[in-house]
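# Analysis of the macromolecular model
Here are the chains, one letter per residue:
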Amino acid sequence: MDSVFDLLEAAARGHVGVDRRFVRSVLDQGESAAADVLRFARSPQEQYKIDLDPLLVDLFRHYQSPEALEFYVDVIRRHPEDVDDSLIQALLPFGAKAAPPLLELYEELGEEQGSDVAFLLASLRVRDPKVLQILLDRLEYDAADGAFCLGLYGDKSARPALEKMLADVPEEEIELRREINYALEQLDAPEPEYQPEPFDIYAEYPERELPPFDVLTEDERLGMLKSAEADVRRGAALTFFNQELSPKAKAALLALAKEDEDARVRGQAWSSLGDTTDDKAIRAAMAAILNDESKPIAERGGAAVGLYAVADGVDVQPGLERLFEMKEGRARALEAMWRSLHQPYAKFFNGQLDETDPAILKQALRGAGYFRITGQIDKIASFFDREEPLDDLREDALFAYALAMPGETSRGRVKGMLRKIDGLTELSPAETELVMFALDERLRLHGMAPVFEAEMHAEYDHDEVAEAAATTTPAPDPSTMKAGRNDPCPCGSGKKFKKCHGA
């Protein structure tokens, strides 16, 4: 069995996911594991890719380690303006012992970054003139924050300062006056008895979490293709999807596709080999899997997606249509179809937005967008505010709506389209960026330069963008678009077809 230090190091390097199983493997090693947790916490963390501070806080809180106080203060020092509730609850049981290091930290950070430290000092309710002075100073620096902390602290000697501040606050500042009045009421409230919150460390973590593949090198991800766990092998294979494959990656994925014992892993490996369908042998092997009805649906579906760039081929289309007819294979068939942009496949998306399977709906929304099936625009919009379990399709619906919404596609109109979508359903900042990307995608598919990408990233000289827009020739109808995998994409992005819209 690996030591706790080794387990933590593996998580910090991104080689394992932090989930309940991982936490259990640490706690199963008994109380002696706390010493390893402390040793790891004190080791240099700069060498690691993953910040394990939240996990270490939870482990120390579980063990109730007295040595953890120094670590907690260091965590706050590293992230002074992002102290989460778990860390606060871990610190409170230390009571008066926590006050001196927090006072030193506040002096180090200063008023601007010290808000959360002041809150912690107030929460401890340790009567100390230095703490009171910090909170009185905060009242002058930030009246609302200072009043809240003074009320929480509960020292009656703060009353004159609070009353003076209240007298100076204009009547129209209702919220601030309410905050100060509440603080004054708190000074007369009985001293609360501190009761630690019950803590279940397992409740803080998902049952299963895959490694954070995005921080790993290609060699590390290739190594995970040999993991003993099928979901790790599949997740590692997925990271190569729509990527330019190195010879090493191509060989490893091909071996996985042919030899792995798990059909879902084989299917994902075939999908991730989609970049290589210009290799006749790989294309033939993939088409054979798609068309072999004795093979598991998961494997055939993966091969279907891997063949999306040649989905109009006579060796692919019949198998893809047969896969569509099978309910359990329909989602992957639809994914291959919309990624292909082969217009004859648009008819397969009719009626699919009435399905109840979220996997099918996700691909149906994408297809409705990319094929610009404007007749389904109201159904697409109906997914903006669906209740569980379909509310996680909102982003797919927003993306599809931006691609398919009626109206002329031009660089001058996309900002109005963005405003219209925001008027239909209030967009969060992340959703706004998603819709911007989709509208830029719409422009690319019509042979026009993107608008929002240039604005957000300042990647283009404004004069060059204007000139490019002015000289853009009318775009081909998407229904006529067809390109080889390594040809320039007909959408006008300048990228190879295999690297453009399907990415």
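It should be noted that the structure appears before, not after, this text.
All values derive from a computational prediction rather than experimental measurement.

### Observations concerning the overall build of the protein chain
Of regular secondary structure, the protein chain possesses 27 helices and 0 strands. In the protein chain, buried positions account for 49% of the 503 residues. The long-range share in the protein chain, meaning contacts at least 24 apart out of those at least 6 apart in sequence, stands at 63%. Just so you have it, the protein chain exposes about 24500 Å², and 51% of that area is on carbon and sulfur atoms.

### Describing the nonpolar core
Formed by 83 residues in total, the largest nonpolar core has its most connected members in Leu320, Met337, Leu365, Ile380, Ile421, Val435 and Leu439. The biggest single contributor to this core is helix H23 (residues 394–404), with 8 residues. Non-local contacts of Leu365, meaning those with residues more than four positions away in its chain, are made with Leu353, Ile380, Phe383, Leu393, Asp396, Ala397 and Ala400. If you look at the next biggest cluster of nonpolar residues, it comprises 76 residues, including Leu120, Ala122, Leu184 and Leu187.

### Re unusual backbone geometry
Here Gln64, not a glycine, exhibits a phi torsion of approximately 55°, which is positive. Note on placement: Gln64 falls in the loop between helix H4 (53–63) and helix H5 (68–78). Notably, Asn242 is not glycine yet its phi reads approximately 60°, a positive angle. Within the secondary structure, Asn242 is located in the loop between helix H14 (230–238) and helix H15 (247–259).

### What to know about the packing of aromatic side chains
One pass over the full model with this rule turns up 14 aromatic pairs. Seen in terms of ring centroids, Phe71 and Tyr72 are 6.3 Å apart; in terms of plane orientation they differ by 55°. Their pairing is tilted. Relative accessible area serves as the criterion here: at 6%, Phe71 is assigned to the buried category. Tyr72 gets classed as buried once you look at its relative accessible area, which sits at 1%. Pairing Tyr72 with Phe94 gives two aromatic rings, centres 6.0 Å apart and planes at 80°, and the pair type is edge-to-face.

### Brief notes about the environment of Met224
Counting through the fold element by element, Met224 comes out in helix H13 (residues 218–224). By relative accessible area, Met224 is classed as buried at 9%. Between the alpha carbons of Met224 and Ala237 there is a distance of 8.6 Å; along the sequence they are 13 residues apart.

The rules behind the values
Residues numbered from 1 in each chain as written. Predicted model: local features only at pLDDT ≥ 70, side-chain atom pairs only at ≥ 80, totals over all residues. Heavy atoms only, no water. Helix = DSSP H or I, 4+ residues; strand = E, 2+ residues; numbered from the N terminus. Buried < 20%, exposed > 50% of the residue type's maximum accessible area, 1.4 Å probe, protein only. Contact = heavy atoms within 4.5 Å. Areas by Shrake-Rupley, 256 points an atom, 1.4 Å probe, with all protein chains shown as cover. Core = buried A, V, L, I, M, F, W, Y, C linked by side-chain atoms within 4.5 Å. Phe/Tyr/Trp six-rings, centres within 6.5 Å; stacked < 30°, edge-to-face > 60°.

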